[in-house]
Amino acid sequence: MFGLGFLAPAFLAGLAAVAVPILLHLYRRRTDRVVEFPATPMLPEAPVQQQDRRRLRDLLLLALRVAALAVLAISFARPYVMGDDPRLRASATVVVVDTSLSVSAPAAWADVRRTARAAIDGAPVGDAVGLVAFDDRGRVLVRPTVNRADAVTALDALTPGAGGTSAPAGLGVALDALAGTPGRIEVVTDLQQRSWSGAASMAVPADVTVRVHPVVVAPGNLAVTAVSREGGVTAVVQSYAPGPRTVTARLTVNGRATGQRVVELAPLAAADVRFATPIPAAGVASVAIDDPGGAAADNVRYLPLAPAPAPRVLVLTAEAPESARTGLYVQRALEAGADLWPVDVAVQDGRAFSADASPPAAPAAIVVVGTRTLDRRGRERLSRYLRDGGRVLLSLGPDVDVPTLSDAIGLNVRLAPEPVTPAADAAAIVASDPRHPVWRQLAGSRSALGRLPIERFRQVLDESGWTVLARFAGGAVALAERDVERGTLLLFASDLDNRWNRFPLEPGFAPFVIDVARYLTRDAEGRLAFVLPVVPDGVPATPGAHTLPPAEGRAPATVVVNVDPGESDPATTTLDAFMAHLQPGDTTSRAEADDRARAREEQQRLWQRGLAVLLLLLVVEGVIGRAGWRRRAAETG
Amino acid sequence: MAGPARYLDPAVLARIGSLDLKARTVVEGVLSGLHRSPRRGFSVEFAEYRQYIPGDPLTLLDWKVYARSDRHVVKKFEEETSLDCHLLVDISGSMAYGSHAVTKRDYACYLAASLAYLMHRQRDAVGLIAFDEAIVQRLGPSARATHLRAVLLALERLPSGAKTNVARPLEDLARVMSKRGLVVVISDLLDRPDDVVRGLRQFRQRGTDVIVFHVLDPQELRFQFDGAARFRDLESASEVFADADVVRDDYLRAMTGLIDRYRRELGGAGIDYHLLDTSQPLDLALTSYLTLRSRT
């Protein structure tokens with residue numbers, strides 16, 4: 001009611017008492033003596049005016065008495081103004097709209113908007129309504145508010161993007177927007193099959209209902225899914241149409257149309273398109289097709305023409321690689337993925353790292369598997385690298401010297417003095433935040449993480465300040481992240497050298513190491529092509545050619561951003577499969593909501609103002625009533 | 001009040017069922033001490049048969065009836081005077097008011113019936129006009145006995161009227177009156193005095209005698225209400241809230257002024273004006289009529 005909440009709403013029943021003065025007033029009016037008198041027109045006029053005044057006075061007195069009773073009842077109910085804080089409302093609805101590339105076809109997007117508008121309009125009366133859009137990431141467009149027009153306006157202004165579909169991203173933001181308020185989440189999406197890629201499940205509070213409104217994306221999308229420099233420029237055009245299609249592919253090099261080819265596409269098939277044209281060694285080429293009925297952002301794909309220097313990753317070991325072969329597994333994993341993600345891997349032991357006084361080009365990331373041989377200079381060098389913005393993956397294996405670790409990373413990490421040997425069933429790793437980029441390839445596969453044979457690990461005793469990305473099944477930290485001044489530190493609580501676990505021998509090891517390295521070098525110098533949603537700082541997350549702004553030790557460069565080709569595939573999952581990812585969580589604590597309401601009421605103390613108003617009303621009522629009594633006494637002599 | 005005179009009390013009359021009987025009662029009561037009218041008309045009309053009583057003139061025996069039925073009956077003839085009397089009875093909404101057993105309308109009907117009966121006895125032709133803001137019912141003047149019954153029946157069945165407009169019915173009547181006569185207006189005259197006086201004056205200008213019986217309830221005359229109340233007009237339903245104790249003097253002053261004005265202006269126009277209190281006996285009205293009749 002008027003954005004008001006009440007701590008003790010039962011007292012509102014006292015509002016019924018306002019009927020008492022009203023009934024008394026009506027009863028008195030009804031019992032006014034009526035005399036039928038034919039000579040009424042001869043009665044003097046003055047008393048009529050007095051009666052008008054008396055009626056006005058009576059109505060005023062009635063209003064004052066009713067208001068006094070109402071204020072009294074409301075004050076006892078302990079009111080507070082909820083404002084737009086959804087946490088203070090009884091219920092809220094958040095409409096989550098898919099704005100990914102897969103729904104950007106004109107017909108599909110019209111269906112999305114129509115469905116979302118229906119969801120806004122259909123929200124229960126009294127609910128605050130919010131709007132969240134999502135592709136790879138969720139973003140709150142309108143926090144839950146009683147003014148639904150805000151959500152409608154934001155929806156009207158919404159346009160689809162070129163990002164992927166990440167349902168957990170949208171749902172996570174929606175849950176944040178609900179802020180613990182019971183209610184419902186209305187998801188408008190095309191159920192793209194990659195909606196839950198990289199996330200096993202999501203806990204949804206039991207008092208939050210998630211309803212999915214699928215929109216239908218008509219098959220027939222065409223996309224340029226790859227461009228490379230093979231034999232000039234070669235592009236891959238993919239058809240998701242159920243019938244054969246013919247399309248013209250056009251090559252543009254540094255803004256100039258260089259050639260075009262007609263491509264015959266079989267149903268649901270891809271075709272290579274080769275432009276055997278001399279290509280310059282710098283600039284940007286792009287291959288585009290026309291597909292007005294399908295998604296627009298995947299109709300063009302960009303290719304950087306300059307050779308892309310691979311980011312440099314240093315593997316820091318305790319012993320020299322020739323003698324101990326430590327760091328070998330990390331090196332091999334990174335080199336194995338070089339075809340897809342080129343990387344310059346170097347292995348250096350602690351002594352060499354400590355003795356290296358020259359300031360070489362800083363590596364994009366350092367994977368530390370041993371610190372035992374780092375001397376003071378080496379530890380200081382590593383610490384400075386981290387503080388100055390470096391990215392480090394620290395593996396707490398047997399070669400890590402725990403007593404000097406704080407010097408090496410510039411951070412005091414409280415670890416158990418001795419490694420922990422977990423029970424067999426406690427050795428599995430569970431991703432805490434499957435949306436994190438380091439789990440891009442692994443989090444979707446429960447078996448890849450759940451069967452990791454971890455034999456020993458170091459236990460982190462103090463998690464404060466850390467963002468835990470994965471835990472062992474027993475609850476101990478497995479992978480965690482935190483900022484160290486300008487740098488980023490990832491901490492893996494076990495070994496990466498096949499000594500405390502057999503993880504390096506598992507198929508998931510290489511994807512894990514590559515994804516961690518990609519995450520750590522995400523804006524590293526040397527990489528010129530990016531696939532959404534990963535873009536370096538300073539580069540817009542939109543397809544096209546962009547300029548990477550200069551940074552310390554890095555010259556400006558032209559980079560390209562392309563859409564994720566998997567998003568072009570209109571294949572969808574089923575509603576049941578989608579909903580299966582939602583796990584019932586704890587009910588939002590009513591006590592927490594009550595505490596918030598109580599705190600708000602304590603802060604506002606409207607009941608005190610109510611009692612002050614009540615006192616004022618009674619004073620005014622007394623003055624008016626007494627004046628009326630005196631006037632009547634004077635009239636009757 | 002004792003003897004026949006007690007039947008002049010309106011409260012007593014109200015308990016008598018038939019208006020005919022009421023009229024007889026009133027008239028007989030009034031006439032009990034008066035002489036009969038010496039007037040004779042210029043024509044006679046058969047009225048009724050009655051059984052021959054020894055002593056009746058034999059010239060009045062109807063021999064044809066005797067021949068057919070072997071009964072001795074005598075013919076009765078009625079005299080018709082040359083005076084047409086018009087009884088104008090106000091039946092507007094305000095006349096329905098009564099603070100005791102008799103409303104002003106009841107009182108007006110008793111009075112009209114009594115006058116009709118008395119006029120009939122006087123061999124005057126009597127007519128009836130009921131009006132509110134227009135003429136509602138009209139019976140032309142006649143001296144026949146059957147006509148008297150028609151007048152009494154009409155008085156008993158008068159409809160309820162609406163607003164008062166005395167002047168208009170007077171104008172209508174003035175247009176249709178063909179010869180001089182007597183106009184008796186029975187009304188509470190709760191109308192614009194200028195219109196009322198103007199309407200009545202036109203009869204006098206034609207040589208018609210006019211008697212005005214201004215019928216008012218005792219409460220209208222004395223305003224004996226007390227305390228505050230909403231006073232509602234019977235005709236317009238408009239209301240005035242007033243404390244009776246506060247407004248009494250002003251009201252009585254206004255009512256007295258109205259009565260005095262009627263008395264003065266109507267008297268100045270040669271119109272007999274009589275204020276009647278519905279709680280008072282009817283003899284005053286009848287005596288007033290006879291007094292006027294004795295002058296004509």
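Keep in mind that this is a model prediction, so the values were computed, not measured.

Draft legend 1. Quick look at the packing of aromatic side chains. Applying the stated criterion to the full structure yields 19 aromatic pairs over all chains. Three or more aromatic residues link up through ring pairs in this structure, and these residues are F37 of chain A together with Y97, F223, F225, F231 and Y251 of chain B. It is R482 of chain A that lies over the ring of W466 of chain A; its NZ or CZ is 5.4 Å from the centre.

Draft legend 2. Highlighting the environment of D90 of chain B. Residues and elements named next belong to chain B. Among the secondary structure elements, D90 is positioned in strand β3 (residues 84-90). Here the alpha-carbon distance between D90 and E133, two residues 43 residues apart in the chain, equals 9.0 Å. Setting aside residues up to four positions removed in sequence, D90 forms contacts with M95, F131, D132, T164, I186, S187 and D188. For D90, the side chain forms a polar contact with the main-chain nitrogen of S92, separated by 2.8 Å.

Draft legend 3. Seen up close, the interface of chain A and chain B. Across the contact, 21 residues belong to chain A and 29 residues belong to chain B. Counting across the interface, chain A meets chain B through 3 residue pairs in polar contact (both at pLDDT 80 or more). Breaking the side of chain A that touches chain B down by element, the ones donating at least two residues are β2 (34-36) and α2 (46-76) of chain A. The greatest single-element share of the side of chain A that touches chain B, amounting to 5 residues, is contributed by α2 of chain A.

Draft legend 4. Summary view of the sheet that holds strand β14 (residues 270-275) of chain A. Residue and element names in this part refer to chain A. Strand order in this open sheet of 3 strands is β10-β11-β14, and the pairing throughout is antiparallel. Whereas interior strands pair on both sides, the edge strands pair on one side only; in this sheet they are β10 (222-228) and β14. Sheet twist, expressed as the average angle between the axes of neighbouring strands with direction ignored, equals 25°.

Draft legend 5. Structural context of the pattern of salt bridges. Applying the stated criterion across every chain, the model contains 35 salt bridges over all chains. Two residues, E335 of chain A and R332 of chain A, come together in a salt bridge whose shortest N-O distance is 3.4 Å. Pair noted here: E335 of chain A and R332 of chain A are both in helix α7 (residues 328-336), with a separation of 3 residues, about one helical turn. Note on E335 of chain A: relative accessible area 36%, which makes it partly exposed. As a salt-bridge pair, R261 of chain B and D194 of chain B come within 2.0 Å of each other at their nearest N and O atoms. Separated by 67 residues along the polypeptide, R261 of chain B in helix α9 (residues 244-268) and D194 of chain B in helix α7 (residues 193-205) bring together distant segments of the chain. Overall, D194 of chain B belongs to the partly exposed group, its relative accessible area being 45%. Each of E319, R351, R372, D399 and R499 of chain A takes part in a single network of salt bridges with overlapping partners.

Conventions adopted
- Residues numbered from 1 in each chain as written.
- Chains lettered and ligands numbered in written order.
- Predicted model: local features only at pLDDT ≥ 70, side-chain atom pairs only at ≥ 80, totals over all residues.
- Heavy atoms only, no water.
- Phe/Tyr/Trp six-rings, centres within 6.5 Å; stacked < 30°, edge-to-face > 60°.
- Lys NZ or Arg CZ within 6 Å of the ring centre and 35° of its normal.
- Helix = DSSP H or I, 4+ residues; strand = E, 2+ residues; numbered from the N terminus.
- Contact = heavy atoms within 4.5 Å.
- Polar contact = N/O pair within 3.5 Å; in protein donor to acceptor, adjacent residues only side chain to side chain.
- Pairing = 2+ DSSP bridges.
- Axes fitted to C-alpha atoms, helices over the stretch in contact; angles between N-to-C directions.
- Salt bridge = Lys/Arg side-chain N within 4 Å of Asp/Glu carboxyl O.
- Buried < 20%, exposed > 50% of the residue type's maximum accessible area, 1.4 Å probe, protein only.

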